[in-house]
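# Geometric and topological summary
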Amino acid sequence: MKRELFTTGSCLSKMFLILFLMISNYNAFSQTLYNEFHPGKIWKDDRGIHINAHGGGILFHKGTYYWFGEHKVAGELGNTAQVGVHCYASKDLYNWKDEGIALAVSDDLQSDITKGCVLERPKVVYNKKTKKFVMWFHLELKDKGYAAARAGVAVADHITGPYTFIKSYRPNPGSMPYYASGTPDSLKVNCEHPGNFSDEFFCRDLPGGQMARDMTVFVDDDGKAYHVFSSEENYTLDIAELNADYTGHTGKFIRVYVGFQTEAPALFKRKGKYYMIGSGCTGWAPNAARWFISDAIMGKWKYKGNPCIGEGSKLTYGGQSTHVLQVQGKKDSFIFMADKWAPKDAIDGRYLWLPIQFKGEDIEISWKDTWNLKDMKML
Ligand code: DGJ
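Residues numbered from 1 in each chain as written. Predicted model: local features only at pLDDT ≥ 70, side-chain atom pairs only at ≥ 80, totals over all residues. Heavy atoms only, no water.

## What to know about the state of the cysteines
One pass over the structure, following the stated rule, counts 1 disulfide. What pairs with Cys191 in a disulfide is Cys203, and their sulfur atoms sit 2.1 Å apart. Measuring handedness by torsion sign, the sulfur bridge of Cys191 and Cys203 sits at about -85° and is left-handed. Residue Cys191 is located in the loop between β8 (164–169) and α3 (197–205), and its partner Cys203 is located in helix α3; the two are separated by 12 residues in the primary sequence. Taking relative accessible area as the criterion, Cys203 reaches 16% and is therefore assigned buried. Free cysteine Cys87: the closest other cysteine sulfur is in Cys117, separated by 19 Å. The class for Cys87 is buried, based on a relative accessible area of 0%. This cysteine, Cys281, is not joined by any disulfide, and Cys308 carries the nearest cysteine sulfur, 18 Å off. Using a relative accessible area of 27% as the deciding quantity, one classes Cys281 as partly exposed. (Disulfide = S-S within 2.5 Å. Helix = DSSP H or I, 4+ residues; strand = E, 2+ residues; numbered from the N terminus. Buried < 20%, exposed > 50% of the residue type's maximum accessible area, 1.4 Å probe, protein only.)

## Notes on the packing of aromatic side chains
By the definition in use, this model includes 34 aromatic pairs. Both rings, one in Phe137 and one in Phe165, keep their centres 6.3 Å apart while their planes meet at 40°; by these two values the pair is tilted. Of this pair, Phe137 sits in strand β6 (residues 132–140) while Phe165 sits in strand β8, placing them 28 residues apart in sequence. In this structure an aromatic cluster arises from ring pairing among Phe37, Trp43, Trp67, Tyr88, Tyr94, Trp96, Tyr351, Trp353 and Trp371. Across the ring face of Phe358, the terminal group of Arg270 is positioned such that the distance to the ring centre comes to 3.7 Å. (Phe/Tyr/Trp six-rings, centres within 6.5 Å; stacked < 30°, edge-to-face > 60°. Lys NZ or Arg CZ within 6 Å of the ring centre and 35° of its normal.)

## Here we look at the site of the ligand
Contacts to the ligand come from Glu120, Arg121, Tyr146, Asp214, Glu263, Gly283, Trp284 and Gln320. Here an oxygen atom of the ligand and a side-chain polar atom of Asp214 are 2.5 Å apart. In this structure, a nitrogen atom belonging to the ligand sits 3.3 Å away from a main-chain N or O atom of Gly283. Here the ligand loses 91% of its free accessible area of 290 Å² to cover by the protein chains. Classifying every residue of the shell around the ligand by side-chain character gives 2 nonpolar, 2 polar and 4 charged. (Near = heavy atom within 4 Å. Polar contact = N/O pair within 3.5 Å; in protein donor to acceptor, adjacent residues only side chain to side chain. Areas by Shrake-Rupley, 256 points an atom, 1.4 Å probe, with all protein chains shown as cover. Nonpolar A, V, L, I, M, F, W, Y, C, P; charged D, E, K, R; others polar.)

## Structural notes on the nonpolar core
Within the largest apolar cluster, 40 residues are counted, with the highest numbers of intra-cluster contacts made by Trp67, Leu93, Trp96, Ile277, Ile335, Trp353 and Ile356. If you list the elements that add at least two residues to this core, you get β2 (64–71), β13 (263–270), β14 (273–279), β15 (289–294), β18 (320–326), β19 (334–340), β20 (350–359) and β21 (362–366). Top contributing element to this core by residue count: β20, with 6 residues. Counting residues in hydrophobic clusters, the runner-up holds 22 residues, among them Cys117, Leu119, Ala154 and Tyr163. (Core = buried A, V, L, I, M, F, W, Y, C linked by side-chain atoms within 4.5 Å.)

## Topic: the environment of Asp98
Summarising the element assignment, Asp98 is placed in strand β4 (residues 97–104). The exposure class assigned to Asp98 is buried, which follows from its relative accessible area of 17%. Along the chain, Asp98 and Arg350 lie 252 residues apart, while their C-alpha atoms are 17 Å from each other. Leave out the neighbours within four places in its chain, and Asp98 touches Asp45, Asp46, Arg47, His86, Cys87 and Tyr88. (Contact = heavy atoms within 4.5 Å.)

## Some points on the confidence of the model for the protein chain
Model confidence for the protein chain is summarised by a mean pLDDT of 93, while 91% of its residues fall at 70 or above. Scored below 50 in pLDDT, residues 1–9 makes 0 contacts in the model with residues more than four places away or belonging to other chains. (pLDDT = per-residue confidence, 0-100.)

## A few points about the pattern of salt bridges
Enumeration over the complete set of coordinates arrives at 26 salt bridges. Of the charged contacts in the structure, one is a salt bridge between Arg255 and Glu232, with a shortest N-O distance of 2.8 Å. Here the residue Arg255 occupies a position in strand β12 (residues 249–256), and Glu232 occupies one in the loop between β10 (225–231) and β11 (236–242), the gap between them amounting to 23 residues. In this structure Glu232 comes out as buried when scored by relative accessible area, which is 0%. A salt bridge links Arg350 to Asp348; the shortest N-O distance between them is 2.9 Å. For Asp348, a relative accessible area of 29% gives the class partly exposed. One network of salt bridges, in which partners are shared, links Glu140, Arg170, Arg204, Asp205, Arg213 and Glu233. (Salt bridge = Lys/Arg side-chain N within 4 Å of Asp/Glu carboxyl O.)

## Some thoughts on α3
For α3, the complete set of buried residues consists of Ser198, Asp199, Phe201, Phe202, Cys203 and Asp205. At its buried positions, α3 is contacted by β11 and β12. Backbone nitrogen of Ser198 and a side-chain oxygen of the N-cap are separated by 3.1 Å at the start of α3; the cap is Asn196.

## What about the sheet that holds β15?
An order of β13-β14-β15-β16 is seen for the 4 strands of this open sheet, with the pairing classed as antiparallel. The sheet terminates laterally at β13 and β16 (302–303), the two strands that pair on one side only. Bridge count for β15 against β16 is 2 bridges, and the pairing is antiparallel. Note on β16: the bridge partner recorded for Phe292 is Tyr303. (Pairing = 2+ DSSP bridges.)

Okay, here's the thing in structure tokens:
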């Protein structure tokens, strides 16, 4: 009898063990494994939850891609930062592991990044000299709409965080733009006689620093980093040099496409040329993308029109640029990353990733329902 009880008990505990293992592995069993991109569709992470990294960017580090973006909550409340910056990791770009919140908003009401602020378009870069990871983002102070127009910066020793918030401010107070030698005075901003709206805003903000909204960060081959942001009430884009540790501005910057309201900048470099894709300025609603090319980061950027072609191209297929990702180990392969915003239910925002095609030095983007990295042209 004793023996029977013992046997029954052992059977039961085995069953419980199996049940426990099945429940705890449920997510592993139910995990969607991807081998292609499905632009605009729900994209589940390793826990089966739609990836929550909006307005994001990707950093490749030691064999892994890390995707950082705005963690949005449901409803319109999600248009403000209730949680912080979310990080995911992937080896193949299709399947993403949740690495948690890299930078959390603060419970301290006095903090610039207090819960309820607006914290958008975070981008992380790695500084080889300091061995720190540096995160820049667009910050709006809580309950002040989009009036603050500040750049925020945070640093971490480990790529996934936690990131420590350092400061937020308007860049380059007191600094005039950088002009290539030979630029005629008629093309330079003149605060005695501002030539247009954008110049007026520039001159207004000169003492306290320039407005900094939609943004990205670009690290050049020589290790110099640049903060690229919509400024002057969004009328102009600034490309501004960062200091050696990437946590501040040097005061050297240029103004690009003055007066034409470019948002959502994303930069990349190919065959020695600098490329930038951006958008127009229509709130959360989509508009036509635009692209630019230049021989030098602080050089003359040439406007090249809409890179998107085909159906939906006039509205960027419903999206807005956030980053261009160079695929590692594949020469000449770049992915255009865009957000399809859902301002009524922010957490439902979707990701549009599309391959960039090159025609000589020109670029084209076209819609694809599904595609994979093998489709990318290898040169
Ligand atoms: C468009 C910007 O690109 C977004 O990041 C966000 O700031 C919305 N405008 C807010 O309307």
